[in-house]
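Residue strings, one per chain:
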Amino acid sequence: MLHEFLVNEIKDLYDAFADSHPGILNSCPCCTDRRAFEELAEYEVRDVPASDMDMYASEAVGTAGDERDFRYYLPRILELTLREEGHFYPERHSAIVQYTDLSSWSERHRCALIDFYRAVIRCIIEWEYFEVLSDWICAIATSGCDIEPFLATLENSPSAIRGFFSANPKILQGRLQGMWQRPSEAHDTIVRWFYSPRIRQRLD
């Protein structure tokens with residue numbers, strides 16, 4: 001699993017977001033078990049059980065906590081995603097990132113997340129873990145990152161291009177694998193990239 005190769009990057013992520021500790025994690029009394037969220041906030045973020053993090057991720061920002069709280073818990077969500085534990089998958093966190101508007105984050109937090117994404121893609125390419133590549137590309141794009149630098153990274157690896165293509169069986173119909181919310185300019189940018197002469201040449 002990817003977490004085995006990204007130990008230092010996970011640590012850096014925790015360090016970068018540590019300054020946003022929520023203290024008390026408030027939640028809607030009509031929609032949630034408030035005591036459960038209060039107990040969650042008592043854990044050190046690295047020790048939050050997957051089941052509790054799953055509960056939080058389902059309610060984050062909308063009915064439990066605010067944007068600062070989400071940024072504090074994001075490293076744990078991403079670590080569990082890399083571990084492929086429970087209900088954690090790449091696209092799960094990205095819709096919340098998009099909702100909080102990545103462009104409004106502090107430069108430190110924004111750069112930390114983008115650096116982490118870069119490390120994930122490099123790791124996928126290095127270890128040829130292409131079965132999860134489409135999911136991570138979708139998550140990165142959905143979160144509001146500029147997807148083109150990540151596509152440029154893929155271009156440095158012919159095997160990554162082929163692996164990405166193979167994981168998208170509907171690309172010839174102009175559709176990518178993953179939990180895309182359409183319409184999506186990022187989705188269409190990737191489709192155009194697949195159809196560009198330089199990429200088609202490498203696939204032939």
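Just so you know, these numbers come straight off a predicted model, no measurement behind them.

Calculation rules
Residues numbered from 1 in each chain as written. Predicted model: local features only at pLDDT ≥ 70, side-chain atom pairs only at ≥ 80, totals over all residues. Heavy atoms only, no water. Salt bridge = Lys/Arg side-chain N within 4 Å of Asp/Glu carboxyl O. Helix = DSSP H or I, 4+ residues; strand = E, 2+ residues; numbered from the N terminus. Contact = heavy atoms within 4.5 Å. Buried < 20%, exposed > 50% of the residue type's maximum accessible area, 1.4 Å probe, protein only. Polar contact = N/O pair within 3.5 Å; in protein donor to acceptor, adjacent residues only side chain to side chain.

(A) Representation of the pattern of salt bridges in the model. Scanning the entire structure with this criterion turns up 12 salt bridges. Asp19 is the salt-bridge partner of Arg108, the closest N and O atoms lying 3.5 Å from each other. Within this pair, whereas Arg108 is found in helix 6 (residues 107-127), its partner Asp19 is found in the loop between helix 1 (7-17) and helix 2 (34-40), the two being separated by 89 residues in sequence. Measuring nitrogen to oxygen at the nearest pair gives 3.1 Å for the salt bridge that ties Arg118 to Asp115. Of this pair, Arg118 and Asp115 are both found in helix 6, three residues apart, which corresponds to roughly one turn of the helix.

(B) Focus on unusual backbone geometry. With phi around 70°, Val61 is a residue other than glycine that occupies positive phi space. When you line up the elements, Val61 lands in the loop between helix 3 (50-59) and helix 4 (67-83). Even without being glycine, Glu128 reaches a positive phi, approximately 50°. Within the secondary structure, Glu128 is located in the loop between helix 6 and helix 7 (133-142).

(C) Broad picture of the side chain of Arg92. Checked against the element boundaries, Arg92 lands in helix 5 (residues 90-100). In this structure, Arg92 is in contact with Asp54, Ala57, Ser58 and His87, ignoring residues within four places of it in sequence.

(D) Structural view of the environment of Asp115. Given a relative accessible area of 41%, Asp115 falls into the partly exposed group. Sequence-wise, Asp115 and Glu9 are 106 residues apart; in three dimensions their C-alpha atoms are separated by 8.5 Å. Only 3.1 Å separates the side chain of Asp115 from the side chain of Arg118, close enough to count as a polar contact.

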